[in-house]
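Survey of secondary and tertiary structure
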Amino acid sequence: MAEKRQGTIDEILKRIDLVELINEVTPLKKKGKNYMGLCPFHEEKTPSFSVSEDKQLYHCFSCKAGGNALTFVKEHWGLSSAEAIRYLGDRVGVTVDESPAARRNRKYFEINRAAANFYKVQLTNLKSGEPAREYLKQRGLTRESLDTFELGFAPASKDALYQAMSSKEYLKSDLSDLGLIREKQDVYDVFRERIIFPVQDGEGNVLGFSGRTFKESKAAKYINSPRTPLFEKQSILYNLHRAKRPAKESGRVVLFEGFMDVIMAHQAGVREGIAIMGTAFTRPHVEALKGITQTLIICFDGDAAGEDATMRFLRDLRQAPFEVRIARLPKDTDPDDYIREHGAKAFRERIDQAVDRTEYLYEAYRPGADASISELDRFKQKVFALIRPLSSLAREHYLKRLSEDIGVSVATLEEDYDPRARRPRTPTYTRSRVPEVTDKFRRAERAFIHYFIKSEHYARRFRREFEDVTYVDKDARDIQFEIFEYYDFNRQSCIVPELFAARLNQPQREYFSRHIDCAVYPYSDQEFEDLLRVMREYTRRNRIRTLKRRLAEAEALEEKIRYQQKIDALLKEAKHGKRKDRTGTD
């Protein structure tokens, strides 16, 4: 069956004219071998959207949208895969056969969509929905958000939905299968006198519903659709179909605790927000996000329950292929509270300033100011376990912080962290191997690799300032050159560390594996500026060394004076911490 389906898709794609299809959406003009136009997936004034007639593929050089005809109709019109195949099949005259399960699901999606429309009309157009509308208005939701998220209202009437759906000749058995009605002696609606949140899959199909109380009641705040052929809450990501495009543009997905958090964040300009419907992040969740983002930001409530949930999710995500960061909110504050009190801009800044896992856990572990010696020692041991997988530079950073926080010298902490580092109290005269040089220049070289992989911005910043730099490690130099070459041929792209490492030769891969760990590196713009200062110092030392050698070799007095003046200027620059004008030459 799968082979037959793939054969149908291949036949459709062979017959379709992608240029003609896309030209109906955005005008295209021939430019060389390809066609160019304004991208239909984001707003732009200069065409960056390319369509290849030969390959029947499209690509936007700005927002990175790309694919074939099937991808285009799915992304542009929000169709499911099955709907997109049927649409293209009808367009080119290819009959698309469906499996019994696909036909059943298509029927169920239609029923759920009709139910969602019923609830939406009840909220937005009828007087019975006025109390729910007023509640949502007081919560800060705009009419635009009600429409965007298709919120609805289930009236208090016992069987209002059932009667409406029956009038459209939907079967009672199907409504029951989808968890919309139940039957004891009489038929009754599952959702009554609740605000309704339609729950959709990644392509916008309605899988089920969640109903929220809005009046004082002893009933559960939320009730969800039961498990159905469509609704499996352990695999659902709320708002995924709306968040996909903003997530690809921003390079991140923001995970919230609840539906209202997602909607309020959307109003505040964070449109890549999603929420799960359980207490764990599952493999289906990971699979759904893998092709969308490499960065997942957790933004939970600032209360004890939110902190516990964050800790739990950090455990769930240890092996996930994402850079996991945490946006911290003030104590006992949720996203809705923060947006109301501080505004949308401040909230977006909170999301932008999300910290990595190590930083979050360090702060979470840190005891109060009046901690006992035993509490401080437990904190120290937790930090040791936390930083053990990190790079040498990151470990040094956290040991210095730990030293300041608990009032113990770095040397003592280093001895506790690695007892083998303790120096014997009496001298010994056994021969020992020369330890690896890990001075600040070599550490800076390794740190730069982390930053260059993280963003082309850092690579451009470095290359603007340093044209010819003498390197300590040949492998570090070669890896940096590989990164620069990658960006030269893949502008505005990103680097996946695991895939990048595969293109290196054996010595470089060994170096990369031993010294580079992008998942846990504590990035900060301040550190990058510090690294640039270290490299300026290293460059200055090498120039002084070169000039001294030339001074010693010079024979003419004027030549000796010129070299000495340059040496003096560099020494003065080093003393006062000022950058030298690099327009001169040696």
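Below, the structure is looked at part by part. Each residue is numbered by its place in its chain's sequence as written, counting from 1. The predicted nature of this model means local features are confined to residues of pLDDT at least 70 and side-chain atom pairs, given and counted, to a pLDDT of 80 or more, with totals for whole chains, interfaces and linings taken over all residues. Excluding hydrogens and water, the side-chain values take into account all heavy atoms of the structure.

For the rest of this paragraph, the subject is the overall build of the protein. Numbering of helices and strands runs from the N terminus; a helix is a DSSP stretch of H or I covering at least four residues, while a strand is a stretch of E covering at least two. Assigned secondary structure in the protein consists of 26 helices and 17 strands. Expressed along its principal axes, the backbone C-alpha trace of the protein runs to roughly 105 × 70 × 45 Å. Residue contacts follow a heavy-atom distance rule, with two residues in contact if any of their heavy atoms lie within 4.5 Å. Long-range contacts, defined as pairs at least 24 residues apart, comprise 64% of the intrachain contacts of the protein with a sequence gap of at least 6. Here the open area of atoms and residues is found with the Shrake-Rupley method and a 1.4 Å probe, where only the protein chains shown may cover a residue. Summed over all atoms, the accessible surface of the protein reaches about 32300 Å², with 47% contributed by carbon and sulfur. Counting 104 positive and 93 negative side-chain charges, the protein places the averaged centre of each group 2 Å from the other. When charges are tallied, Lys and Arg are placed among the positive residues and Asp and Glu among the negative ones, while His and the ends of the chain are skipped. To locate a charge, take atom NZ for lysine, CZ for arginine, CG for aspartate or CD for glutamate.

Below, the discussion takes up the pairing of strand β14 (residues 273–276). Side chains Gly273 and Ala275 project from β14 onto one buried face, and the interleaved Ile274 and Ile276 project onto a second face that is buried too. Alignment of strand β12 (residues 237–238) against β14, held across two bridges, turns out to be antiparallel. The partner of leucine 237 across the bridge, within β14, is isoleucine 276. The sheet contact formed by strand β13 (residues 253–256) and β14 spans three bridges and is parallel. By the bridge assignment, phenylalanine 256 is partnered in β14 with alanine 275. Handedness rule for crossovers: strands pointing away from the viewer, path from the first strand over the helix to the second running clockwise, crossover right-handed. This β-α-β element, β13 to helix α11 (residues 259–267) to β14, shows right-handed connectivity. Exposed residues in this analysis have more than 50% of their type's maximum accessible area, buried residues have under 20%, and partly exposed residues fall in between, with area computed by a 1.4 Å probe over protein chains only. When DSSP finds two or more bridges between two strands, those strands count as paired.

So, about the pattern of salt bridges. A carboxyl oxygen of Asp or Glu within 4 Å of a side-chain nitrogen of Lys or Arg is what we treat as a salt bridge. Per the counting criterion, the structure on display carries 36 salt bridges. Between arginine 461 and glutamate 465 there is a salt bridge; the shortest N-O distance is 3.4 Å. With arginine 461 and glutamate 465 both in helix α21 (residues 456–465), this residue pair falls four residues apart, about one helical turn. Glutamate 465 matches arginine 461 in its accessibility class, with the two residues each being buried. One connected set of salt bridges, linked through shared partners, spans Glu359, Glu363, Arg366, Arg401 and Asp405.

One non-glycine residue, glutamate 169, adopts positive backbone phi at about 70°. For glutamate 169, the location among the structural elements is in the loop between α8 (160–167) and α9 (172–177). For asparagine 239, which is not a glycine, the phi torsion comes out positive at approximately 75°. Relative to the helices and strands, asparagine 239 resides in the loop between β12 and α10 (240–250). Of the residues examined, asparagine 239 reaches a relative accessible area of 2% and is grouped as buried.

The antiparallel open sheet is built from four strands, whose spatial order is β6-β9-β10-β11. Taken across any chain shown, the strands that pair with only one partner, and hence form the sheet edges, are β6 (152–154) and β11 (222–224). Strand-to-strand twist of the sheet, defined as the mean angle between neighbouring strand axes without regard to direction, takes the value 35°. Inspection of the sheet shows β6 paired to strand β9 (residues 194–200) by three bridges, in the antiparallel sense. Looking at the pairing, phenylalanine 153 lines up with isoleucine 195 of β9. This element, helix α5 (residues 100–124), spans β6, β9 and β10 (206–212) of the sheet and lies at about 35° to β10. Fitted lines through C-alpha atoms give the axes, limited to the stretch in contact for helices. The angle between two N-to-C directions lies from 0 to 180 degrees.

Moving on: the pairing of strand β16 (residues 323–326). The side-chain alternation of β16 yields two buried faces, one formed by Glu323 and Arg325 and the other by Val324 and Ile326. As a crossover connection, the stretch from strand β15 (residues 295–298) through helix α13 (residues 304–316) into β16 is right-handed. Pairing analysis gives two bridges linking β16 to strand β17 (residues 355–356), with the strands arranged antiparallel. Bridge assignment links arginine 325 to a residue of β17, and that residue is aspartate 356.

Any two of the Phe, Tyr and Trp rings considered here, Trp counted by its six-membered ring, make a pair once their centres fall within 6.5 Å; the pair's planes then place it as stacked at under 30 degrees, edge-to-face at over 60, or tilted in between. Scanning the entire structure with this criterion turns up 35 aromatic pairs. Judged by centre distance (5.3 Å) and plane angle (90°), the ring pair of tyrosine 451 and tyrosine 523 falls under edge-to-face. Highlighted residues: tyrosine 451 in helix α20 (residues 440–454) and tyrosine 523 in the loop between α24 (506–515) and α25 (525–553), separated in sequence by 72 residues. Summarising the burial analysis for this pair, tyrosine 451 and tyrosine 523 share the class buried. These aromatic residues form a ring-pair network of at least three members: Phe448, Tyr451, Phe452, Tyr458, Phe462, Phe481, Phe484, Tyr521, Tyr523 and Phe528. Across the ring face of tyrosine 362, the terminal group of arginine 401 is positioned such that the distance to the ring centre comes to 4.4 Å. For a ring to carry a charge above it, either NZ of a lysine or CZ of an arginine must fall within 6 Å of the ring centroid while also lying within 35 degrees of the normal to the ring plane.

It is worth spelling out the nonpolar core at this point. Put simply, buried Ala, Val, Leu, Ile, Met, Phe, Trp, Tyr and Cys residues joined by side-chain atoms within 4.5 Å make one nonpolar core. Residues Tyr119, Leu151, Leu180, Phe209 and Phe347 are the most contacted members of the largest nonpolar core, which totals 63 residues. Counting residues per element, this core draws most heavily on α5, which supplies eight residues. Sequence-distant contacts of leucine 180, defined by excluding residues within four places in its chain, comprise Ile111, Asn112, Ala115, Tyr119, Leu161, Leu175, Asp189, Val190 and Phe209. Residues Leu240, Phe300, Phe384 and Tyr417 belong to the second largest nonpolar core, which totals 42 residues.

Further remarks concern the sheet that holds strand β2 (residues 34–37). The strand order across the open sheet built from five strands is β1-β2-β3-β4-β5, with neighbouring strands paired in antiparallel fashion. Among the strands making up the open sheet, the edge pair consists of β1 (29–31) and β5 (66–67). Bridge analysis of strand β3 (residues 49–52) against strand β4 (residues 57–60) gives four bridges, and the strand direction is antiparallel. In the strand pairing of β4, serine 50 is matched with histidine 59.

Moving on, we get to helix α18 (residues 392–406). Here the expected length of a helix is defined as 1.5 Å per residue gap, with one fewer gap than residues. Between the first and last C-alpha of α18 there are 21 Å, a value that for 15 residues agrees with the 21 Å anticipated at 1.5 Å per step. Along α18, the positions that sit buried rather than exposed are Leu393, Ala394, Tyr398, Leu399, Arg401, Leu402, Ser403 and Ile406. At its buried positions, α18 is contacted by β17, α16 (357–365), α17 (373–387), α19 (410–417), α20 and α25. Once α18 ends, the next one or two residues include glycine 407, with phi positive near 70°.

A few words on the packing of α20 against α25. Close contact between α20 and α25 brings their axes to 10 Å; oriented N to C, the two are set at 135°. In terms of axis orientation, α20 runs oblique to α25. In the crossing of α20 with α25, the sense of the turn from one axis to the other is left-handed. On α25, the residues that touch Lys440, Phe441, Ala444, Glu445, Ala447, Phe448, Tyr451 and Phe452 of α20 are Glu527, Phe528, Leu531, Leu532, Val534, Met535, Glu537, Tyr538 and Arg541. Three residue categories are used. Nonpolar comprises Ala, Val, Leu, Ile, Met, Phe, Trp, Tyr, Cys and Pro, charged comprises Asp, Glu, Lys and Arg, and polar comprises the others, including Gly. Grouping the constituent residues of the contact of α20 with α25 by class yields twelve nonpolar, no polar and five charged. Angles below 35 degrees are treated as roughly parallel, those above 145 as roughly antiparallel, those between 65 and 115 as roughly perpendicular, and all remaining angles as oblique. Crossings are assigned a handedness: left-handed for a near helix turned anticlockwise from the far helix by less than a right angle, right-handed for a clockwise turn.

On to the environment of leucine 126, then. Its place among the elements puts leucine 126 in the loop between α5 and α6 (130–138). The partly exposed category is assigned to leucine 126, whose relative accessible area is 34%. Distance in space between the C-alpha atoms of leucine 126 and cysteine 60 is 44 Å, their sequence separation being 66 residues. Residues in contact with leucine 126, not counting those within four places in the same chain, are Val121 and Arg133.

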